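So you can see what is in the structure, the chains are spelled out below.
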Amino acid sequence: RSPWGRLAPRGWLAAGRASPRLVLGVVFIALLLDNMLLTVVVPIIPTFLYMTEYEGANSSVAPAQPEPAPAALKAPPFSSVFSYFDNTTVTVSGPTSAMGSANGTKSSLPPRPPTSSSPLPSGCPEGDEFLAEENVRVGLLFASKALVQLVVNPSVGLLTNRIGYHIPMFIGFTIMFLSTVMFAFSGTYTLLFIARALQGVGSSFSSVAGLGMLASVYTDDFERGNAMGIALGGLALGVLIGAPFGSVMYEFVGKSSPFLVLAFLALLDGALQLCILQPSKISPESTKGTPLTTLLRDPYILVAAGALCFSNMGVAMLEPTLPIWMMQTMCSPKWQLGMAFLPASISYLIGTNLFGFLANKMGRWLCSLVGMAVVGISLLCVPLARNIYGLIGPNGGLGFAIGMVDSSMMPIMGYLVDLRHTSVYGNVYAIADVAFCMGFAVGPSTGGAIVRAVGFPWLMVVIGVINIAYAPLCWYLRNPPAKEEKIAILSQACPMQPKSYTAQKALRDFPLADDSDVEAENAE
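Everything numeric in this text was worked out from a predicted model, so none of it was measured.

Picture a little ball the size of a water molecule; that probe, rolled over the atoms, points out where space is still empty. Within the structure shown, the criterion is met by seven cavities of 30 Å³ or more. Approximately 100 Å³ is the volume found for the second largest cavity. Lining the second largest cavity are 13 residues; nearest its centre among them are Leu 31, Ser 207, Leu 235, Asp 433 and Phe 436. When residues of the lining of the second largest cavity are traced back to their parent elements, those giving at least two are α3 (20-40), α8 (128-163), α10 (189-217), α11 (221-252) and α19 (426-454). Grouping the amino acids of the lining of the second largest cavity by side-chain chemistry returns six nonpolar, four polar and three charged.

A pair can form between side chains of opposite charge whenever their charged atoms are brought close. Counted by the stated rule, this structure contains one salt bridge. For Arg 420, the salt bridge identified is with Asp 298, shortest N-O distance 2.8 Å. Here Arg 420 is found in helix α18 (residues 392-420), whereas its partner Asp 298 is found in the loop between α13 (292-296) and α14 (299-329), with 122 residues between them in sequence. Across this residue pair, the class does not change: Arg 420 and Asp 298 are buried.

This part covers the packing of α3 against helix α12 (residues 256-276). At their nearest, the axes of α3 and α12 sit 10 Å apart, and the two run at 160 degrees to each other. One way to sum up the angle between α3 and α12 is to call them roughly antiparallel. The hand of the α3/α12 crossing is left-handed. Taking contact as the criterion, the partners of Leu 22, Val 26, Ile 29, Ala 30, Leu 33, Met 36, Leu 37 and Val 40 in α3 are, on α12, Pro 258, Phe 259, Leu 262, Leu 265, Ala 266, Asp 269, Leu 272, Gln 273 and Ile 276.

Turning next to the environment of Pro 480. As for its position among the elements, Pro 480 is in the loop between α20 (456-470) and α21 (484-492). The exposure class of Pro 480 is buried, given its relative accessible area of 1%. Taking the C-alpha atoms as reference points, Pro 480 and Tyr 300, 180 residues apart in sequence, are found 7.1 Å from one another.

A few words now on the nonpolar core. Among the nonpolar cores identified, the biggest contains 112 residues, and Leu 322, Met 413 and Tyr 429 are the most heavily contacted of them. By residue number, the principal contributor to this core is α14, which donates 17 residues. Other than its neighbours up to four places away in sequence, Tyr 429 contacts Val 208, Leu 211, Gly 212, Ala 215, Arg 224, Met 228, Met 410, Pro 411, Met 413 and Gly 414. Judged by nonpolar contacts, the second largest core, of six residues, contains Val 152, Val 156, Ile 175 and Phe 205.

Below, the discussion takes up the environment of Leu 267. Mapped onto the elements of the fold, Leu 267 is located in helix α12. Beyond its immediate stretch of four places on either side in the chain, Leu 267 contacts Phe 173 and Phe 177.

Definitions and cut-offs
- Residues numbered from 1 in each chain as written.
- Predicted model: local features only at pLDDT ≥ 70, side-chain atom pairs only at ≥ 80, totals over all residues.
- Heavy atoms only, no water.
- 1 Å grid on protein atoms, 1.4 Å probe; cavity = no way out; pocket = protein on both sides within 12 Å on 5 of 7 lines; lining within 4 Å.
- Points joined across faces, edges and corners; volume = space filled by probe spheres on them.
- Helix = DSSP H or I, 4+ residues; strand = E, 2+ residues; numbered from the N terminus.
- Nonpolar A, V, L, I, M, F, W, Y, C, P; charged D, E, K, R; others polar.
- Salt bridge = Lys/Arg side-chain N within 4 Å of Asp/Glu carboxyl O.
- Buried < 20%, exposed > 50% of the residue type's maximum accessible area, 1.4 Å probe, protein only.
- Axes fitted to C-alpha atoms, helices over the stretch in contact; angles between N-to-C directions.
- Parallel < 35°, antiparallel > 145°, perpendicular 65-115°, else oblique.
- Left-handed = near helix turned anticlockwise from the far one by under 90°.
- Contact = heavy atoms within 4.5 Å.
- Core = buried A, V, L, I, M, F, W, Y, C linked by side-chain atoms within 4.5 Å.

Spatial relationships are all this shows, so hold off on functional conclusions.
Listed below in structure tokens is the structure:
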């Protein structure tokens, strides 16, 4: 009973575990780190593979070229090597004397300025064949994370129903930490691919458990919408910081540096989870959740999942293809490849926080409909850019619009389960995450192939038109009907929304509190 007892660490931790705000903080940080790792590789991988594989392969034929460079008399043996490489980016030191012997003049030096920028992918890189191939390979590497997440998500949804959200959340942190360290020290495509796939497993645990935990802690629909908006702000902040942070650190410090910083931050997140979440505690849901197959047959959940999938597919297609397109058409230096995503990330951060609150007022269905239309228009404008400044408008619009869709659809998923099924959220957020991952799996893997077949501008046209065409389907979420048996339960006692429901209007009208709230509730 001592007042000092309340200030003791145990008392603080006990209060913290009961606080929805601290739970929200933990989920925010987990999503932040996951998405920093998701996007930090975007500017690094294309240039890293270009330098290690393309330039490495070309320079390996004459590894001793820097040593014999001063000896001009040894030029003839290298003349054939130079003619073989005269189209490539690696024409330094050694071959210059060969060029001199061929031309009988000092013209060996003029070719060097254009090529000196190429080996650093700071200028327009040559080797178009390699870059065309790299579009596909980088796309597959980026997609591997989402493909693995796609497979693991349903299992995580079932696991959270059985043992609660705390242990899966901590498992997610552990796998994420291992993946981050592996990225830091991987030097080949295969190891990078494995690290990216491993990240997918960790991300699946973190995102499904995190969003499900939020939905169970915030039971009021309005508060849940705001909490989801803040949590998605963590996701946005991760995307915001990731690409620019990765490109700047890679350019000025080295490849491993951004990953080691993230690994350290992940350790801090793990310590926070140990304090707040008690990951050793098994706390299964008190009621049995709706089976995944039943939720997948619900047309309203499918429409919401489709909106999440196609809106995010646009930016997912940009991630592997935009840096390579910029290298080819804008001769962009490495730091610009990540900075190009900065407008999208900033506007996504603004969009999720703004519409977490506003979507509830204007109607989440309308917010997502407008968002998808703007996503499509923004994507159509991306190929019109002639330099990095031309990308500010389209990428900014894209990020803002995806923020509108995400901050509307995440609460709708939880709301549809409350309205039409059992209020257990593991499975429905597994579906939401699967939809998100479908976009990030199909997007990069097909995007690279489409670019190779018809070019980057047509890729943007295809995905832009798909988003505009899908947008009207969001209208069906305007007034989703409740199940009859659900209305009977809700009419007795509903901790979610203490409102009265009438069975006669079960299949026609959205459950309403009173006449004055008709428009606001219908909008949801």
